[in-house]
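# Topology and contacts: notes
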Amino acid sequence: MKKRIVSGIRPTGKLHLGNFLGALENWKKLQDEDAFFMIADWHALTTEYESHAQIRNYVFEAAIDILASGVSPEECTLFIQSDVKEHAELGLMLSMITPLAWLERNPTYKDQIEELKGKDLHTHGFLGYPVLQAADILLYKAEGVPVGEDQLAHLELTREIARRFNFLYGKLFPEPEALLTPVKKLPGLDGRKMSKSYDNCIYLSDSPEEVRKKIMGMMTDPARKRRYDKGNPDVCPVFYYDKIFNPAVVRQVDAGCRSAELGCVEDKQMLVEALLNFMKPIHDRRKQLENERAKITEILREGARRAGAVAQKTLAEAKEKVGLA
Ligand code: TRP
């Protein structure tokens, strides 16, 4: 029996390599299950409500990035969240039974308000973010939800909301399980978290030339100022990338950096080749997709149709239990 899998990604800009390793690569692995993947545009609006001029573009870019990553519409169902109205409707229903205290103590809520200081996030929608996410997941009665560690609190809330619904109205929703991404977090070019607000990303849409330029400009061990200074790979972001994208040379680089036999520039040159090799299938697919806009629109429309069929059925069951027509 195939497992029902649901996941989503927020379209708030171009997707980067961190998104690929943290989510899309996992989606790809799980797509031979019964998988539903959404571009969560409602969730994007919770923080980007002032970017209304860009949202549509972000959604389309996300679709291209996801498909270029090798997520295949023949294997899974890919759709835009707001194209399936039931997400908003079940979200509203679940908001009736979600205690405020659960949302106020949600650690991601506090973190995000801290992190996105320039934005006013004291809104109903932003506080309710996890309720909408619970609706995304429960509408499909998901068993597994591939997410990164940062989403564990949201998944726990989903389970609590499911339990509360089942307790109040009778059993309807299974409690989904998190499928944690095995890959480590990819730091940005400067060693901090990869994030567009730090301008330290390698985007899936970067051309090979841009990737080369970015890698060659990367920070290394700050204490290694001259070519013949000995270095410490443990504090070097380039070495971290080597471990992920060029594992065959890790021992050689480790020793060569410490003894100063290997220079940072040579290390970076090797990394560029390995990374471009890693990204080649993404680059190739993207080139083709850029000329297939109508086809992408059709893929998303078909995805919404398939997702909608499941969502309508669950929502009808939920309404019946709650006592709505
Ligand atoms: N909150 C998730 C994130 O920021 C995105 C998301 C929206 C999601 N709906 C979902 C993830 C449903 C899993 C399941 O990464």
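All values reported here derive from a predicted model rather than from experimental measurement.

The next point concerns the overall build of the chain. Tallying secondary structure elements over the chain gives 14 helices and 5 strands in all. On the principal axes, the C-alpha backbone points of the chain span a range of 75 × 45 × 40 Å. A total of 325 residues make up the chain; the buried ones form 51% of that total. Excluding contacts between residues fewer than 6 apart, the proportion of contacts in the chain whose partners are at least 24 apart in sequence is 79%.

Counted by the stated rule, this structure contains 24 salt bridges. Between R301 and E298 there is a salt bridge, with its nearest N and O atoms 3.4 Å apart. Residue R301 and its partner E298 are located together in helix α14 (residues 293-322), separated by 3 residues, close to a single helical turn. For R301, a relative accessible area of 53% puts it in the exposed group. Note that E302 is salt-bridged to R306, the shortest N-O span being 3.5 Å. Taken together, the residues E302 and R306, both in helix α14 and 4 residues apart, mark about one turn of the helix. Taken together, the shared-partner salt bridges connect D65, R286 and E290 into one network.

In this structure, D199 is a non-glycine residue whose phi angle is positive, near 55°. With respect to the helices and strands, D199 occurs in the loop between β5 (177-180) and α10 (208-216). One non-glycine residue, A260, lies in positive phi territory at about 70°. Taking relative accessible area as the criterion, A260 reaches 6% and is therefore assigned buried.

On to the pairing of strand β1 (residues 4-9), then. Taking burial as the measure, the 6 residues of β1 include 5 buried ones, the bulk of the element. Both β1 and strand β2 (residues 34-39) contribute to a ladder of 6 bridges, which runs parallel. Paired with S7 across the two strands is F37, which belongs to β2. Where the polypeptide runs from β1 across helix α1 (residues 17-30) and back to β2, its parallel neighbour, the crossover connection is right-handed.

Moving on to the nonpolar core. I66, I202, I215 and Y241 are the most contacted members of the largest nonpolar core, which totals 57 residues. Counting residues per element, this core draws most heavily on helix α3 (residues 52-68), which supplies 9 residues. Mapped onto the domain boundaries, this core takes at least three residues apiece from domain 1 (4-186 + 293-322) and domain 2 (206-286). Residues contacting I202, with those up to four places away along its chain left out, are H16, L17, L189, M194, V211, K214, I215, Y241, L275 and M279. Core analysis: the second largest hydrophobic core is formed by 39 residues, I97, Y129, L138 and V147 among them.

Conventions used here
- All residue numbers refer to positions counted from 1 along the written sequence of the respective chain.
- With pLDDT at 70 or above as the cut-off, local features in this predicted model cover only qualifying residues; side-chain atom pairs require 80 or more to be listed or tallied, and sums for whole chains, interfaces and linings still use all residues.
- Values shown for side chains rest on all heavy atoms present in the structure; no hydrogens or waters enter the calculation.
- Segments assigned H or I by DSSP are reported as helices when at least four residues long, segments assigned E as strands when at least two residues long, and all are numbered from the N terminus.
- Under the scheme applied here, a residue whose accessible area is under 20% of the maximum for its type counts as buried, over 50% as exposed, and between as partly exposed, the area being computed with a 1.4 Å probe on protein chains only.
- Any pair of residues with heavy atoms lying within 4.5 Å of one another is described as a contacting pair.
- The term salt bridge refers to a side-chain nitrogen of Lys or Arg lying within 4 Å of a carboxyl oxygen of Asp or Glu.
- Two strands pair under a simple rule: DSSP has to find at least two bridges between them.
- We call a crossover right-handed when, viewed with the strands running away from us, the connection from the first strand over the helix to the second turns clockwise.
- Residue types Ala, Val, Leu, Ile, Met, Phe, Trp, Tyr and Cys, when buried and joined through side-chain atoms within 4.5 Å, form a set referred to as a nonpolar core.
- All domain edges in this entry derive from an automatic or database-based domain assignment.

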